[in-house]
Amino acid sequence: MAQSLAVPLLALGAQSGSGSGAAVDIGETRSSVKLSLTITAIVGTLTVSIETSPDGLTGWRQIGAFDAATAIGRQRYAFDECDRYVRATWATGTNATFSVAGAAHLLFARRSDITSAQMRPEALASIDVRVLADCLIKASGIAEPEISTANPLPLTQWPEEVTSACAAIAVYYAMRHRGFNPEGGADPLIVKDSDDAKKWFRAVARGELKPPGLSPPDNLGVHISSGNPEAPDEFRPRFGDNWGDFG
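Residues numbered from 1 in each chain as written. Predicted model: local features only at pLDDT ≥ 70, side-chain atom pairs only at ≥ 80, totals over all residues. Heavy atoms only, no water.

### Quick look at the nonpolar core
Phase 1: Ranked by size, the top nonpolar core spans 35 residues in total, and within it Phe108, Leu124, Ile147, Trp158, Val162 and Phe201 carry the most contacts.
Phase 2: Those elements that place two or more of their residues in this core are α2 (129-150), α3 (160-178) and α4 (188-206).
Phase 3: Val7, Leu37, Val86 and Ala104 belong to the second-largest nonpolar core, a separate cluster that totals 25 residues. (Core = buried A, V, L, I, M, F, W, Y, C linked by side-chain atoms within 4.5 Å. Buried < 20%, exposed > 50% of the residue type's maximum accessible area, 1.4 Å probe, protein only. Helix = DSSP H or I, 4+ residues; strand = E, 2+ residues; numbered from the N terminus.)

### Here's the deal with the packing of aromatic side chains
Phase 1: Across all of its chains, the model carries six aromatic pairs by this definition.
Phase 2: Between Phe66 and Phe79, the ring centres sit 5.5 Å apart and the planes meet at 75°, which makes this aromatic pair edge-to-face. Residue Phe66 is located in the loop between β5 (61-65) and β6 (73-80), and its partner Phe79 is located in strand β6; the two are separated by 13 residues in the primary sequence. Neither residue differs from the other here; Phe66 and Phe79 are each classed as buried.
Phase 3: Here the aromatic residues Phe66, Tyr77 and Phe79 are joined through ring pairs into a cluster of three or more.
Phase 4: It is Arg87 that lies over the ring of Trp60; its NZ or CZ is 4.1 Å from the centre.
Phase 5: For Arg130, the ring lying beneath its charged end belongs to Tyr77, and the centroid distance is 3.7 Å. (Phe/Tyr/Trp six-rings, centres within 6.5 Å; stacked < 30°, edge-to-face > 60°. Lys NZ or Arg CZ within 6 Å of the ring centre and 35° of its normal.)

### A look at the packing of α2 against α4
Phase 1: Look at α2 against α4: their axes get within 7 Å of each other, and the N-to-C directions meet at 25°. Viewed along their axes, α2 and α4 adopt a mutual orientation that is roughly parallel. By crossing handedness, the relation of α2 to α4 is classed as left-handed. Every residue of α4 that contacts α2 at Ile142, Ala143, Glu146, Ile147, Thr149 and Ala150 is listed here: Lys198, Phe201, Arg202, Val204 and Ala205.
Phase 2: Looking at the contact of α2 with α4, its residues break down into seven nonpolar, one polar and three charged. (Axes fitted to C-alpha atoms, helices over the stretch in contact; angles between N-to-C directions. Parallel < 35°, antiparallel > 145°, perpendicular 65-115°, else oblique. Left-handed = near helix turned anticlockwise from the far one by under 90°. Contact = heavy atoms within 4.5 Å. Nonpolar A, V, L, I, M, F, W, Y, C, P; charged D, E, K, R; others polar.)

Rendered as structure tokens:
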């Protein structure tokens, strides 16, 4: 994805007790991260959580966690509803050697767009929120190259049609993970909605559709984050009006 950003939250090293990594700036437009926890040595139990903050200094809140680990190995999960800064925190029963790294992604739809517009919340209740975050990343990854064909990247806002189409694709991925019947009941509509959304994005790429409200930033040059919570980049609008506030 062109608008993804590498996020090395914690370099490989030995840790004991509890601690937290440095705040990493993922930019104003990205709102999800897909991260790997790699454990090369461990004694006891390791618990690693992901936190986010609007300024990298205060207001830290947890947005998810990896599974508690007692053996060497690797876990890979997605986390959404990120503010501008993210960090890893951990607690070990004794000690462990591990790293946390991955990439931050822009999402054209959020989790509530799935449940409010595409499906009843109870239909997705059994699906891990980390899976839903990954489905949103995949759906946005399908949309991004199609949009970029006709619109300069990165985008700072987009119309509701883009959000709805991405949500439809994310629903399909979520239900494929959970399991559904694409040939019976109302389930075939899930496949149709996803296919229609992909066709809509292809039409945008071909220039057959020109949805209003696609807005790249004023300065299309390379944008480099300072990475310093005490001297952040200038503010850029995070979402278009169709996003509203996270609930």
